[in-house]
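Results of the structural survey
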Amino acid sequence: MRILALVGSFRKQGNTARIVRMIEESAQALAARQGLPLEFETLFLGDLDIGYCRGCRACFDRGEDACPLKDGVAQARARIDASDALLLASPVYVDDVSGLVKNLMDRLAYLCHRPALGGKYAYTLATVGGGASGHSLRTSYVALLTWGCHMLGRTGFKMGALSPEAELQKFRPMAGKIAAILLSALARGRNENPTFISLMAFKIQQLAWRHESADSYDYAYWREQGWLDAGRSYYVAHRAKPLKVALARLAGALMYRFVA
C-alpha cells in the first residue's frame, strides 16, 4: 500500500508540512500495529520544475505526450500513478489553494477529460493562519473528484501563522483520524463502495463524452476504457448497493441537463 502526499508549500517546516508528517507518523504506527505493509512518500511540489500551462490545448486534442513543456510534471504524474492513495495538502493563499497546487492542476487539466486516476483514493487538507479554508478545500476536492479519485474526505486546519510545536499537538487526534481513514480504505480494497457523489460524477462525465465527436481523443479514451458502455456505472468494479447506484445515476443524468 502506497500513500503519496503532495505538499503545495515551499516551507518544509511550515504548518502544512508538519501536519502531513503527523499524518504519516500516525499512519505508520497504525500500519505496524495492524501488520499492514505501508509506504508513505511526501513530494514537495516546490522541488519540481513545473512550468505554467500555455493553454495550447495540445494535451486535450492530441494527448498529454503532445504537451510542449517537458519538465517536472512528468515526475509528479509518475509518482501519482504509482500510489494507491493521494493526500493533497495546501496552505490557503488568498482564500484558495497555493500557486504550486493550482499550477499542477492546470498542467494536469487533461485528467478532467480523461480521468486516468479512476478509482484511486484521495483526501485533501488545507492549513490556514486565520479565516476560512472551505474554498481552498472545494478547489482541490473537485479537481481530484473530476480526475476520477474516490474521495475519502477533506479537512481544514486553522493554525495561526506558524504553530509552536507544543500547540501543534492539539491537531494530532485529527491527523490520526485522517491516517485511519486512509488505511481503512486501502485495507478494505480499492473502491469497494464508491460514494454517491463519485457515482454521480461518473454518470455526468459518461453522458458528456457519449455526446463528444467520435473522432476526438477524449471520446476514443473513454471508449477504449469501456466507460461508455450502458452497463458501466463507475471506473472500476465495485460493490455499491444497486439502489445507491440507481439514484446516483439518476441524479447525474438530471445534473447533466443543467451543465450540458
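First, a word on what this report is: a plain description of the structure on this page. (Residues numbered from 1 in each chain as written. Predicted model: local features only at pLDDT ≥ 70, side-chain atom pairs only at ≥ 80, totals over all residues. Heavy atoms only, no water.)

**Regarding the packing of helix α8 (residues 196–210) against helix α9 (residues 217–225)**
Here α8 crosses α9 at 125°, and the two axes come no closer than 9 Å. The angle between the axes of α8 and α9 places the two elements in the oblique class. Both α8 and α9 take part in a crossing whose hand is left-handed. From α8, Phe202, Gln205, Gln206, Trp209 and Arg210 reach across to α9, where they touch Asp218, Tyr219 and Trp222. Counted by class, the contact of α8 with α9 contains four nonpolar, two polar and two charged residues. (Axes fitted to C-alpha atoms, helices over the stretch in contact; angles between N-to-C directions. Helix = DSSP H or I, 4+ residues; strand = E, 2+ residues; numbered from the N terminus. Parallel < 35°, antiparallel > 145°, perpendicular 65-115°, else oblique. Left-handed = near helix turned anticlockwise from the far one by under 90°. Contact = heavy atoms within 4.5 Å. Nonpolar A, V, L, I, M, F, W, Y, C, P; charged D, E, K, R; others polar.)

**A few points about the pattern of salt bridges**
For the coordinates displayed, the defined rule picks out 11 salt bridges. Measuring nitrogen to oxygen at the nearest pair gives 2.8 Å for the salt bridge that ties arginine 107 to aspartate 71. Separated by 36 residues along the polypeptide, arginine 107 in helix α4 (residues 99–107) and aspartate 71 in the loop between α2 (58–62) and α3 (73–82) bring together distant segments of the chain. Looking at arginine 107, the relative accessible area reads 6%, which means it is buried. Residue aspartate 81 pairs with arginine 77 through a salt bridge whose shortest N-O separation is 2.9 Å. (Salt bridge = Lys/Arg side-chain N within 4 Å of Asp/Glu carboxyl O. Buried < 20%, exposed > 50% of the residue type's maximum accessible area, 1.4 Å probe, protein only.)

**Thoughts on the packing of helix α1 (residues 15–34) against helix α7 (residues 172–188)**
Where α1 contacts α7, the two axes come as close as 8 Å, and the packing angle between them is 55°. As far as their axial angle goes, α7 and α1 are oblique. You can see that α1 and α7 cross each other, and the crossing is right-handed. Residues Met22, Ile23, Glu25, Ser26, Ala27, Leu30 and Ala31 of α1 form the contact with α7, whose participating residues are Arg172, Ala175, Gly176, Ile178, Ala179, Ala180 and Leu183. Looking at side-chain class alone, the contact of α1 with α7 contains 10 nonpolar, two polar and two charged residues.

**Thoughts on α8**
Between its first and last C-alpha atoms α8 spans 21 Å; for 15 residues at 1.5 Å apiece the expected length is 21 Å, and the two agree. Taking burial as the measure, the 15 residues of α8 include 11 buried ones, the bulk of the element. Taken together, the buried positions of α8 are occupied by Ser198, Leu199, Met200, Ala201, Phe202, Lys203, Ile204, Gln205, Gln206, Leu207 and Trp209. Its buried side turned inward, α8 meets α5 (134–146), β5 (150–158), α9 and α10 (242–259). (Expected span 1.5 Å × (residues − 1).)

**As for α5**
For α5, spanning 13 residues, the distance from its first C-alpha to its last is 18 Å, which sits close to the expected 18 Å at 1.5 Å a residue. Listing the buried residues of α5 in full gives Ser136, Leu137, Ser140, Tyr141, Ala143, Leu144 and Leu145. At its buried positions, α5 is contacted by β3 (85–91), α4, β4 (121–128), β5 and α8. Count one or two residues on from α5 and you reach glycine 148, which has phi positive near 105°.

**Regarding the pairing of β4**
Most of β4 sits out of view: eight of its eight residues are buried. Neither face of β4 is exposed, since Tyr121, Tyr123, Leu125 and Thr127 on one face and Ala122, Thr124, Ala126 and Val128 on the opposite face are all buried. Pairing between β3 and β4: seven bridges, direction parallel. What sits directly across from leucine 87, in β4, is tyrosine 123. Regarding topology, α4 serves as the crossover connection from β3 to the parallel β4, and that connection is right-handed. Bridging between β4 and β5 involves eight bridges; their strand directions are parallel. (Pairing = 2+ DSSP bridges. Right-handed = clockwise from strand over helix to strand, strands pointing away.)

**A look at the packing of aromatic side chains**
Scanning all chains against the criterion turns up nine aromatic pairs. Taken together, a centroid distance of 4.9 Å and an interplanar angle of 90° make the contact between phenylalanine 202 and tyrosine 235 edge-to-face. With phenylalanine 202 in helix α8 and tyrosine 235 in the loop between α9 and α10, the pair connects residues that are 33 residues apart, well separated along the chain. Taking the relative accessible area as the measure of exposure, tyrosine 235 reaches 4% and is therefore buried. Between tryptophan 222 and tryptophan 227, the aromatic rings sit 5.0 Å apart at their centres with planes inclined by 75°, giving edge-to-face as the arrangement. Residue class for tryptophan 227 comes out buried when judged on its relative accessible area of 4%. (Phe/Tyr/Trp six-rings, centres within 6.5 Å; stacked < 30°, edge-to-face > 60°.)

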